[in-house]
Amino acid sequence: MSFKTTLLSAIAAVAFAVPAIAEIEIHDAYARSSNPVAGAAFMVIHNHGDTDDRLLGVTSDAAARVELHTHIEDADGIMRMTHIEEGFDLPAGGEIAMVRGAEHVMFMGLTDPFEQDAIVTITFEFENAGDVVVEIPVDQNREATEASDDHSNHGSHDH
């Protein structure tokens, strides 16, 4: 294969790989913790693409275990935080709103306590878009807002 053919193949591969990641937008992200060993991250993940995707998992060096969680009502009417091993659907043009009391990223066994204004790096693993790395600020003072609460009814999630 000639140098020109190899170069054109490499450029084409990069050009086709970039749009999948660019179609995932993560905004309004922040992390917080209620104690020195556990924390959570909240955000809105939007799929600007024309293809459905699925958030399969999440990793971070910030904790020994990082999982996708939600709250599910048990038979006694009590809301319980639950690890969602199968991940969350992310329809084309849709979003996943990760807010308090609903879907969120859970950190267990923090490597260092979350300190105000620190940055936490998270890698989201999507079925189609692949890995998306995000740096989010720690905001211990942020209150749940009406704007973030409004997102709790958006998107399509199979639990």
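Residues numbered from 1 in each chain as written. Predicted model: local features only at pLDDT ≥ 70, side-chain atom pairs only at ≥ 80, totals over all residues. Heavy atoms only, no water.

Attention now goes to the side chain of R54. By the secondary structure assignment, R54 is in strand β3 (residues 53-59). Within the local environment of R54, its side chain forms a polar contact with the side chain of D89, the two groups lying 2.3 Å apart. Every residue in contact with R54, bar those within four places of it in the chain, is listed here: E86, G87, F88, D89, L90, E125, F126 and E127. (Helix = DSSP H or I, 4+ residues; strand = E, 2+ residues; numbered from the N terminus. Polar contact = N/O pair within 3.5 Å; in protein donor to acceptor, adjacent residues only side chain to side chain. Contact = heavy atoms within 4.5 Å.)

Per the stated rule, a full pass over the model turns up four salt bridges. The partner of R142 in a salt bridge is D28, and the shortest N-O contact between them spans 2.6 Å. One end of the pair, R142, is in the loop between β10 (130-137) and α2 (146-150); the other, D28, is in strand β1 (residues 24-35), with 114 residues separating them in the sequence. D28 gets classed as partly exposed once you look at its relative accessible area, which sits at 38%. Close ionic contact of D89 with R54 constitutes a salt bridge, the shortest N to O distance being 2.3 Å. Remark: R54 occurs in strand β3 and D89 occurs in strand β6 (residues 88-90); sequence separation between them is 35 residues. Overall, R54 belongs to the buried group, its relative accessible area being 16%. (Salt bridge = Lys/Arg side-chain N within 4 Å of Asp/Glu carboxyl O. Buried < 20%, exposed > 50% of the residue type's maximum accessible area, 1.4 Å probe, protein only.)

Right, let's get into the environment of G130. Positionally, G130 belongs in strand β10. By relative accessible area, which is 24% here, G130 ends up partly exposed. Linking G130 and I24, residues 106 residues apart in sequence, is a C-alpha distance of 10.0 Å. If sequence neighbours within four positions are ignored, G130 has contacts with F124 and E125.

Attention now goes to the packing of aromatic side chains. This structure, assessed with the given rule, holds three aromatic pairs. Arranged with centres 5.3 Å apart and planes meeting at 75 degrees, the rings of F107 and F114 form a pair that is edge-to-face. Note on accessibility: F107 and F114 belong to one class, buried. When the centroid spacing of 6.4 Å and the interplanar angle of 40 degrees are considered together, the rings of F124 and F126 count as tilted. The class for F124 is buried, based on a relative accessible area of 1%. The class of F126 is buried, set by a relative accessible area of 2%. (Phe/Tyr/Trp six-rings, centres within 6.5 Å; stacked < 30°, edge-to-face > 60°.)

Glancing now at the confidence of the model for the protein chain. Averaged over all residues, the pLDDT of the protein chain is 83; the fraction at 70 or higher stands at 77%. Predicted confidence is poor over residues 6-20, with pLDDT under 50, and the contacts of this stretch with residues over four places away or in other chains come to three contacts. Throughout residues 146-159 the model reports pLDDT below 50, and contacts reaching past four residues in sequence, or to other chains, amount to 24 contacts. (pLDDT = per-residue confidence, 0-100.)

It is worth spelling out the nonpolar core at this point. With 31 residues, the main nonpolar core has I45, V105, F107 and F124 as its most contacted residues. Every residue in contact with F124, bar those within four places of it in the chain, is listed here: I26, M43, I45, L55, G57, V58, V105, G130, D131, V132 and V134. (Core = buried A, V, L, I, M, F, W, Y, C linked by side-chain atoms within 4.5 Å.)

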